[in-house]
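Observations on chain architecture
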Amino acid sequence: MSGLFIKKKSVGPVRRRRTQGNDSEGTSQKVRKKNGAHLREEIESDSDTERAPTRKKPNEDEEYLEETAQEKKLRLAKEYLQQLQEQEAERKEDEEEEDQDVIGNRLQEDVLEQRGKLQRPLAKELLPPDPTEIRLLRGHQGPITCLVISPDDSYVFTGSKDCSIIKWSICDGKKMHKIPGGRKGSESTHVGHTAHVLCMALSSDGKYLASGDRNKLIFIWDPLTCQNLHKFQGHRDAVSGLSFQNGTHQLFSVSHDRSVKVWNVAENAFIETLFGHQDVITGVDSLSRERCVTVGGRDGTMRVWKIVEETQLVFSGHEGSIDCVRLINEEHVVTGADDGSLALWTVSKKKPLTQVKRAHGFYGDAGLEQPYWISSVAAALNSDVVASGSHDGYIHVWRCGEGFRSLNPLFTVPLVGFVNSLQFSSSADFLVAGVGQEHRLGRWWRKKEAKNGLYIIPFKKTLVLGS
């Protein structure tokens, strides 16, 4: 019974009856009795190896029987079982305490996440990918404009200017399903998009997929079957951004009509419309709080909409059109603009904490240089790593400095074409990029050498001592 500690039970005082021998012994007994001596001596046993003491029968006052070997085995077996039960009860108590510790730690993490103070130090362990391991998945006829990864990192949806949506398997790169696009004018008969798909969002429980297009429509799909569930109408111009609030089925949509709309997808209901931007809205993002952050193109502002309070905060700092936005955590945001700048913000200050001018370099003749537009940004949630895309031939991965007060280059990933959409997996093990020959919002340039497709970029990670 190695590994088990069994207590020895202390057996109380037991009276052992003396057997009668010869007459001399009987005579001596009488003498001792006469002199007041005790006939029965008290023996206390503290060893399991000694002869087992006799037990007094409850119905007899003076008769005592010795415990047999079989009775001893039975008693020891019962004691052993009792010890096992006690140890099991202690183990369960310890497990319950451990479970309570795990729950407590999780609650503490949730509080830090809500305050924007939960941070994974990811940058120190992230290494550049091996170019030979980058996969290109092709299936769209037009440029990919948007994408979204499933919560379990098992599949990804892409939307394109060819009006179609494709569901891809991450592990093998196979096409799982395709929602074909329809021709212009077939809106009454075709179930799906008949104009450029510009944006997509997936609920945090993976139950609803939303997609928006240039035709002012929002479609709601079942991500598993890719069947259409609802169609929302209400925007008066192209739907340029979608985002689900984490843990809910509340959907935020933004449009070139300068409005923000709030929907309840589960109940197929419109909730409200918010106004404030002075130019087309080009992007939106949200996390767990009941609020969203938007960017308003050439009005040069980023806005935080507090839904419950019915208020908005206005931020400014870019010199050009702000085309993309992503929340790093509940308190910090990264944005990119067509002036080539990349900026980090906190929702408690109206100006950027830091800004990198010409983050992707510039092109053109001397004296006529133009910066490469920032067309997409991504952030590894609650970490210190962000990424940006343009059409300079590279994806840039950045490290956020302490307090998000600086942006430092980590490495670049070579990629030809317009990087119209970027997203880190939830584990930050890989990055997906939607690439096209054209910018997602227009046709100002065309890079013929680019391939319209989805790139899956796996990262390498170094083991950090003490982590």
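Residues numbered from 1 in each chain as written. Predicted model: local features only at pLDDT ≥ 70, side-chain atom pairs only at ≥ 80, totals over all residues. Heavy atoms only, no water.

1. Description of the sheet that holds strand 21 (residues 301-306)
Adjacent strands of a sheet form backbone hydrogen bonds with each other and so pair up, either parallel or antiparallel. If you trace the four strands from one edge of the open sheet to the other, you get 19-20-21-22, paired in antiparallel fashion. Of all the strands in the sheet, just strand 19 (283-285) and strand 22 (311-316) have a single pairing partner and so form its edges. With strand direction ignored, the average angle separating the axes of adjacent strands in the sheet is 20°. Pairing of strand 20 (residues 291-295) with strand 21, which is carried by five bridges, proceeds in the antiparallel orientation. Residue Cys292 lies in a different strand from strand 21, and its bridge partner there is Trp305. (Pairing = 2+ DSSP bridges. Helix = DSSP H or I, 4+ residues; strand = E, 2+ residues; numbered from the N terminus. Axes fitted to C-alpha atoms, helices over the stretch in contact; angles between N-to-C directions.)

2. Points about the packing of aromatic side chains
With the rule as written, the count across this model stands at eleven aromatic pairs. Each ring, one from Phe424 and one from Phe459, has its centre 6.1 Å from the other, and the planes form 25°; the classification is stacked. You can see Phe424 sitting in strand 33 (residues 418-424) and its partner Phe459 sitting in the loop between strand 35 (453-458) and strand 36 (460-461), a full 35 residues away along the chain. Residue classification places Phe424 among the buried positions, given a relative accessible area of 5%. Three or more aromatic residues link up through ring pairs in this structure, and these residues are Trp373, Phe418, Trp444 and Trp445. Just above the ring of Tyr155 sits the side chain of Lys167; from NZ or CZ to the centre is 4.4 Å. In this structure, Arg358 is placed above the aromatic ring of Phe362, and the distance from its NZ or CZ to the ring centre is 4.7 Å. (Phe/Tyr/Trp six-rings, centres within 6.5 Å; stacked < 30°, edge-to-face > 60°. Buried < 20%, exposed > 50% of the residue type's maximum accessible area, 1.4 Å probe, protein only. Lys NZ or Arg CZ within 6 Å of the ring centre and 35° of its normal.)

3. Let's talk about the nonpolar core
Ranked by size, the top nonpolar core spans 23 residues in total, and within it Ile395, Leu422, Phe424, Leu431, Ala433 and Ile457 carry the most contacts. Where this core is concerned, the elements lending two or more residues are strand 30 (385-389), strand 31 (394-400), strand 32 (407-414), strand 33, strand 34 (430-436) and strand 35. By size, the runner-up hydrophobic cluster in this structure holds 16 residues, among which are Ala359, Ala379, Val386 and Leu407. (Core = buried A, V, L, I, M, F, W, Y, C linked by side-chain atoms within 4.5 Å.)

4. As for the sheet that holds strand 34
Taken in spatial order, the four strands of this open sheet run 6-35-34-33, and their pairing is antiparallel. Both edges of this open sheet fall to strand 6 (135-137) and strand 33, since each of them pairs with a single strand only. Each strand of the sheet is rotated relative to its neighbour by a mean of 25°, with strand direction disregarded.

5. Considerations on the pairing of strand 16 (residues 250-255)
Where a strand is regular, its side chains alternate between the two sheet faces. For strand 16, a buried count of six out of six residues is recorded, marking the element as mostly surrounded by other parts of the structure. Burial along strand 16 is two-sided: the face carrying Gln250, Phe252 and Val254 and the face carrying Leu251, Ser253 and Ser255 are both buried. Sheet analysis places strand 15 (residues 239-244) next to strand 16, joined by five bridges and oriented antiparallel. Looking at strand 16, one finds that Gly241 is bridged to Val254.

6. Here's the deal with a negative patch on the surface
Residues Glu86, Glu90, Glu93 and Asp94 make up a contiguous surface patch of negative charge. Within the secondary structure, Asp94 sits in helix 2 (residues 69-114). For Asp94, a relative accessible area of 42% puts it in the partly exposed group. (Patch = residues over 30% accessible without salt bridge, like charges linked within 9 Å, V, L, I, M, F, W, Y side chains within 5 Å. Areas by Shrake-Rupley, 256 points an atom, 1.4 Å probe, with all protein chains shown as cover. Salt bridge = Lys/Arg side-chain N within 4 Å of Asp/Glu carboxyl O. Lys, Arg positive; Asp, Glu negative; His and termini not counted. Charge placed at Lys NZ, Arg CZ, Asp CG, Glu CD.)

7. Overview of the pattern of salt bridges
Tallied over the full model, the rule gives eleven salt bridges. The partner of Lys460 in a salt bridge is Glu133, with the nearest N and O atoms 3.6 Å apart. Of this pair, Lys460 sits in strand 36 while Glu133 sits in the loop between strand 5 (126-127) and strand 6, and the two are 327 residues apart along the sequence. What makes Lys460 partly exposed here is its relative accessible area of 35%. A single network of salt bridges, built from pairs that share partners, joins Lys161, Glu438, Arg443 and Arg446.

8. Topic: the environment of His318
For His318, the location among the structural elements is in the loop between strand 22 and strand 23 (322-327). C-alpha separation for the pair His318 and Ala337, spaced 19 residues apart in sequence, amounts to 6.9 Å. Among all residues touching His318, those that are not within four sequence positions of it are Thr335, Gly336, Ala337, Asp339, Ser341, Leu342, Ala343, Trp345 and Gln355. Of the polar contacts made by the side chain of His318, one reaches the side chain of Thr335; its length is 2.7 Å. (Contact = heavy atoms within 4.5 Å. Polar contact = N/O pair within 3.5 Å; in protein donor to acceptor, adjacent residues only side chain to side chain.)

9. Comments concerning the side chain of Thr194
Counting through the fold element by element, Thr194 comes out in the loop between strand 10 (175-179) and strand 11 (197-202). Within polar-contact distance, the side chain of Thr194 engages the side chain of Glu187 at 3.0 Å. Setting aside residues up to four positions removed in sequence, Thr194 forms contacts with Cys163, Gly182, Arg183, Lys184, Ser186, Glu187, Asp213 and Asn215.

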